[in-house]
Amino acid sequence: MDAIVTQMIILFILVIIGCYLSKKKMMDADFDRKLSGLVINVTCPSLILSSVMGDTLPDKKLILPLLVVGFATYVVLIGLAFLLPRYLPVKPFDRGIYSFMLAFGNVGFIGYPIVASIFGASAMFYASILNFPSTLLILCSVPCLFQAVRERCVLTGVLSTVRP
């Protein structure tokens, strides 16, 4: 339990530092984009690779069941995510965005460090296998979502031109 609290305190302190730096204009949208790219493309893959570079290798028998559980979980989450916005006070145009937010959490930035602190570094590999369906489904659904948002902007006159 102490590891969870410690990790949450560390994340909270990092959020406070980020807010402070943003207010002081030391961080802007370009910096945020570059930092996100660093986290997604370098540090998360490095963290996952470090979880399998030990004395013992992950159990190969668990990979397929974890993938099945991951896909089943996201089937349920996506189903609920498309139903729930209909019962929320949300404009019909915004339902797709709310569905996306409900179905796909921010496990890359927050979930992996918490998994590592609770279960140890060796659990990172299993967490990445469990999260693989999320990544795959995000890559498949985001272009459709942005196409819908782009069309909505054209229909409502928010954007005068649309880039392909």
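Remember, it's a predicted structure, so these values are computed and weren't measured experimentally.

Enquirer: How do you make sense of the packing of aromatic side chains when you look at a structure like this?
Expert: Two descriptors summarise a pair of aromatic rings, namely the distance from one centre to the other and the angle between the planes of the rings. Enumeration over the complete set of coordinates arrives at three aromatic pairs. Here the aromatic rings of Phe125 and Tyr126 are separated by 5.9 Å at their centres, their planes lie at 70°, and the arrangement is edge-to-face. The class for Tyr126 is partly exposed, based on a relative accessible area of 23%.

Enquirer: I keep staring at helix α3 (residues 63–83) and nothing clicks. Help me out?
Expert: Residues spaced three or four apart along an α-helix point in a common direction, a consequence of the helix completing one turn every 3.6 residues. Look at α3: 30 Å from first C-alpha to last across 21 residues, which is about the 30 Å you get at 1.5 Å a residue. Those residues of α3 not exposed but buried are Leu66, Gly70, Tyr74 and Ala81. End-on view of α3: buried residues confined to an arc of 65°, all on one side of the axis. Residues of α3 that are exposed and angled more than 90 degrees away from the buried face: Leu64, Val68, Val75 and Val76.

Enquirer: Just checking my understanding: could you explain the side chain of Ser99 for this structure?
Expert: As for its position among the elements, Ser99 is in helix α4 (residues 95–103). Classification of Ser99 by relative accessible area gives buried; the value is 4%. Among the polar contacts made by the side chain of Ser99, one reaches the main-chain carbonyl oxygen of Ala81 at a distance of 2.8 Å. Filtering out sequence-adjacent residues up to four positions away, Ser99 remains in contact with Ala81, Phe82 and Pro85.

Enquirer: Hey, could you run me through the layout of surface pockets in this one?
Expert: Any empty space left between the atoms is revealed when a probe the size of a water molecule rolls over them. Reported here for the largest pocket is a volume of approximately 740 Å³. Lining the largest pocket are 23 residues, with Leu14, Val15, Leu35, Val39 and Phe109 positioned closest to its centre. If you list the elements that add at least two residues to the lining of the largest pocket, you get α1 (2–23), α2 (29–51) and α5 (107–119). When its residues are assigned to classes, the lining of the largest pocket shows 17 nonpolar, five polar and one charged. Broken down by secondary-structure element, the contributors of at least two residues to the lining of the second largest pocket are α2, α5 and α6 (123–156). Residue contributions to the lining of the second largest pocket peak at nine residues, all from α6. Taken together, the residues that form the lining of the second largest pocket break down as twelve nonpolar, seven polar and no charged.

Enquirer: What is the right way to look at the nonpolar core in this model?
Expert: Across soluble globular proteins, nonpolar side chains have a tendency to be buried as a group. One finds Val39, Cys44, Ile48, Tyr112, Met124 and Ala127 forming the largest nonpolar core, which totals six residues. The greatest single-element share of this core, amounting to three residues, is contributed by α2. The residues contacting Cys44, other than those within four sequence positions of it, are Val39, Gly108 and Tyr112.

Reading the values: the criteria
Residues numbered from 1 in each chain as written. Predicted model: local features only at pLDDT ≥ 70, side-chain atom pairs only at ≥ 80, totals over all residues. Heavy atoms only, no water. Phe/Tyr/Trp six-rings, centres within 6.5 Å; stacked < 30°, edge-to-face > 60°. Buried < 20%, exposed > 50% of the residue type's maximum accessible area, 1.4 Å probe, protein only. Helix = DSSP H or I, 4+ residues; strand = E, 2+ residues; numbered from the N terminus. Expected span 1.5 Å × (residues − 1). Arc of directions from axis to C-beta. Polar contact = N/O pair within 3.5 Å; in protein donor to acceptor, adjacent residues only side chain to side chain. Contact = heavy atoms within 4.5 Å. 1 Å grid on protein atoms, 1.4 Å probe; cavity = no way out; pocket = protein on both sides within 12 Å on 5 of 7 lines; lining within 4 Å. Points joined across faces, edges and corners; volume = space filled by probe spheres on them. Nonpolar A, V, L, I, M, F, W, Y, C, P; charged D, E, K, R; others polar. Core = buried A, V, L, I, M, F, W, Y, C linked by side-chain atoms within 4.5 Å.

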